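Observations on chain architecture
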Amino acid sequence: MWKNKQRLIINLFLFLIIIIPKSAYANGWAKGVYLNGINNYLRVNYSPVLQPIDKVEIEVGVSADWNSMINQGWTSIVSNTQIGGYSLTVNSDSIFPSKNRIGISVYIGTGYKTVSIPLSDLSPGYHVIKGGYDGSKVYLYVDGDLKGTTYVSGSIKYNYKNSLIFGNDAGSGTTPDVGSKYFKGYLDYVKISKENIVLGYWDFNEMAGLIAYDQSENALNAELIGGVSWSIFPKGDVFPPNEVDLEIFVDEKDIYLKLVPPSDDDFAGTKIYLNGVLKATLDKNKTSYSFTDLTPNTEYTIKVTTFDESGNESDGVTTTVKTKIPIVNNVTDLKADAKYDRVKLSWTRPDSEFFSHVKIYRKKVEQKSFWDQLFGATAVSAATTSDGYTPMFETNGTYWTDLTVTPETTYSYKVTSVNIEGNESQGVTIETTTPSEPVPVLTGVATTQNEDGDYVVTWTSPTKGTVKLLIEGREYAQVDAATKQIIVRKEDMKTDFFGAYAATLIPIGEYGTKGQAVNVPSLGGKIDFPLSFQDFMETVVSILAWVAPFIILSLVFIFWRPIFNFIKKAISERRVKQ
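Residues numbered from 1 in each chain as written. Predicted model: local features only at pLDDT ≥ 70, side-chain atom pairs only at ≥ 80, totals over all residues. Heavy atoms only, no water.

**Quick notes on the confidence of the model for the protein chain**
Averaged over all residues, the pLDDT of the protein chain is 85; the fraction at 70 or higher stands at 83%. This stretch, residues 1–27, has a pLDDT under 50; its non-local contacts, to residues over four places away or in other chains, come to ten contacts. Across residues 368–383, confidence stays below pLDDT 50; counting only partners more than four residues off in sequence or on other chains, it has 14 contacts. (pLDDT = per-residue confidence, 0-100. Contact = heavy atoms within 4.5 Å.)

Put into structure tokens, the structure is as follows:
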């Protein structure tokens, strides 16, 4: 009779394999081992690898009618316990606070530390249950969602070198504990790991006879005890799609997302979160998204998750980005006040929290020749930027004075705004021409003698440029105007016809502009004649040139009779001789 039942089960299994296409496994069906809840289980013989003392994690793909297990007593899905160890247990009122629960238990210190949830929280069918101890807490996940944590520290304690049991509660040796603690349901896979190291992995899609092969490098195979029933069972879809490949482009107020979707057949779309808040749900054909009107220079956390046709959502790709600092506006009210020796620029700074300072550039604009103007040629001074401007100064103030200009020259200035990251605006320009240098004027000219008898000629202004001293029309000395004096040795000083010094001062500006000559004042009883002898003689000659004709004419009117008789007599004498 039992053989007939076995044959019937095998035939049914073969029939299901034939009529259910292979693609059905990917669409909600799984091939696994069926545990009848009466007398069968799987055993992995003792290995120290499966009894880590610092960290452990159990993950199981399992399907069952969870509601039917309520009030049915203690049932273990995975167990390496016996007054120690770890287990994934159902309905245990001796370990959990109350029965009708499913959860993880790990023996740490002097007792079991657990995390569990009510069985009623599980819908009938397939679930992925994962839990364990990471060195600081015991935790439990169901279908990727964290259900709870218990914070604890210490080592995992094992009292026996016992076997790892699937589908029943482990005992102190190679067989399960006394009592009926069998699990009823389907096992898809079991994985035991420690952090990222897989200690054992049994995928019940891949079995041979009564052996479920360990797919980890430890080769700790599982043996089926008490008979086995292979089955195709509805797996359901509890696995979300793979994550998107995400590219992010950041601007001052905008963040642009480029999404490369996963290749999962059931991929249905993506969800976009900003700082933890869902902002958009996109279908699978939408591959870009943008956040606009954000705050500059601000950090934002972006998460992009995928979801499938069953509604499973991935953990998502999470990244934190910071919006850029904007280029600040240009300065306003740019003005230029040009003098012959300086140009003062003034402006109003942009009203921005990101403003740092301004950069000032200058370009000398050369006068164009007729041919340059005709054919559009342009000439500028040597420059260090592509547009011909040379950097001159940086300041966070509102004015700057250029003291390196020359008279009668046209300059173009450019002022840019720089933000706190060092990025510049396009800048604004202004053009101005410096006027001619004013004619220098000598004032406060005086003469003294030092203890050696030399003459000290002084003045109060100008103090810029140079002052030249001429003696009898020849250059005697030229000094910086700022010295305000020239010393003439006593033997070099000359006087003119009237006894005044034959010496004059000529002021010359910084740029070569000559001022009016001034006579050096005389000392003592000498006449301080306002003109030099040479100037006096030239003046006399000029006056005579103008008045001589009038003098001669006056003499003619006064002495016309003698002159007339003299001429008449001379003519008569000439006739007699002939």
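**Re a nonpolar patch on the surface**
Together, Phe-566, Ile-567 and Ile-571 make up a nonpolar patch on the protein surface, roughly 330 Å² of accessible area in all. Within the secondary structure, Ile-567 sits in helix H5 (residues 560–577). (Patch = residues over 30% accessible without salt bridge, like charges linked within 9 Å, V, L, I, M, F, W, Y side chains within 5 Å. Areas by Shrake-Rupley, 256 points an atom, 1.4 Å probe, with all protein chains shown as cover. Salt bridge = Lys/Arg side-chain N within 4 Å of Asp/Glu carboxyl O. Helix = DSSP H or I, 4+ residues; strand = E, 2+ residues; numbered from the N terminus.)

**A closer look at the sheet that holds strand E34 (residues 474–480)**
Hydrogen bonds between backbone atoms are what pair the strands of a sheet, whose relative direction is either parallel or antiparallel. Strand order in this open sheet of four strands is E34-E33-E36-E37, and the pairing throughout is antiparallel. Pairing within the sheet leaves two strands with one partner each, and these edge strands are E34 and strand E37 (518–519). Summarising the sheet, strand E33 (residues 466–471) and strand E36 (residues 503–508) pair through six bridges and their orientation is antiparallel. From the neighbouring strand, Thr-466 faces E36, where its bridge partner is Ile-508. (Pairing = 2+ DSSP bridges.)

**Examining the packing of aromatic side chains**
Within a pair of aromatic rings, the relevant descriptors are the distance that separates the centres and the angle that separates the planes. All chains considered together, the criterion is met by 13 aromatic pairs. Ring centres 5.0 Å apart and planes at 50° place the aromatic pair Tyr-34 and Tyr-186 in the tilted group. Remark: Tyr-186 occurs in strand E12 (residues 184–194) and Tyr-34 occurs in strand E1 (residues 29–36); sequence separation between them is 152 residues. Since its relative accessible area comes to 22%, Tyr-34 is described here as partly exposed. Accessibility expressed as a relative area gives 22% for Tyr-186, which makes it partly exposed. Residues Trp-66 and Phe-183 carry aromatic rings whose centres are separated by 6.3 Å and whose planes lie at 35° to one another, so their mutual orientation is tilted. In this pair, Trp-66 sits in the loop between strand E3 (56–64) and strand E4 (75–79) while Phe-183 sits in the loop between strand E11 (164–166) and E12, placing the two residues 117 residues apart along the sequence. You can call Phe-183 buried: its relative accessible area is 0%. (Phe/Tyr/Trp six-rings, centres within 6.5 Å; stacked < 30°, edge-to-face > 60°. Buried < 20%, exposed > 50% of the residue type's maximum accessible area, 1.4 Å probe, protein only.)

**Looking at the pattern of salt bridges**
Under the definition given, this model contains 17 salt bridges. Across the salt bridge formed by Lys-55 and Glu-195, the nearest N and O atoms sit 2.6 Å from each other. Of the two residues, Lys-55 is situated in the loop between strand E2 (41–44) and E3 and Glu-195 in the loop between E12 and strand E13 (197–208); the sequence distance between them amounts to 140 residues. Glu-195 sits in the exposed class, given a relative accessible area of 56%. One salt bridge in this structure joins Arg-489 and Asp-492, with 2.8 Å as the shortest N-O distance. On the accessibility criterion, Arg-489 (45% relative accessible area) is partly exposed. When salt bridges that share partners are traced, they join Asp-169, Asp-177 and Lys-181 into one network.

**Description of the nonpolar core**
Burial of nonpolar side chains together is a common tendency in soluble globular proteins. Formed by 46 residues in total, the largest nonpolar core has its most connected members in Trp-66, Phe-166, Leu-187 and Trp-202. Core analysis: the second largest hydrophobic core is formed by 18 residues, Val-331, Ala-338, Phe-354 and Ile-360 among them. (Core = buried A, V, L, I, M, F, W, Y, C linked by side-chain atoms within 4.5 Å.)

**Details of the sheet that holds strand E26 (residues 355–365)**
Taken in spatial order, the four strands line up as E27-E26-E29-E30 in an open sheet, and their pairing is antiparallel. The sheet is open, and its two borders are formed by strand E27 (390–395) and strand E30 (428–433), each paired with just one other strand. Taking each pair of neighbouring strands and ignoring which way they run, the sheet shows an average axis angle of 25°. Here six bridges tie strand E29 (residues 410–419) to E30, and the two strands are oriented antiparallel to one another. Looking at the pairing, Tyr-411 lines up with Thr-432 of E30. (Axes fitted to C-alpha atoms, helices over the stretch in contact; angles between N-to-C directions.)

**Brief notes about the environment of Ser-352**
By secondary structure assignment, the location of Ser-352 is in the loop between strand E25 (343–348) and E26. For Ser-352, a relative accessible area of 27% corresponds to the partly exposed category. In sequence terms Ser-352 and Ile-327 are 25 residues apart; their C-alpha atoms lie 9.8 Å from each other. A polar atom in the side chain of Ser-352 sits 3.1 Å from the backbone nitrogen of Phe-354. (Polar contact = N/O pair within 3.5 Å; in protein donor to acceptor, adjacent residues only side chain to side chain.)

**A few points about the side chain of Asn-91**
For Asn-91, the location among the structural elements is in the loop between strand E5 (86–90) and strand E6 (101–108). For Asn-91, a relative accessible area of 2% corresponds to the buried category. Discounting chain neighbours no more than four positions away, the residues touching Asn-91 are Met-69, Ile-70, Asn-71, Gln-72, Gly-73, Trp-74, Lys-99, Asn-100, Arg-101 and Leu-119.

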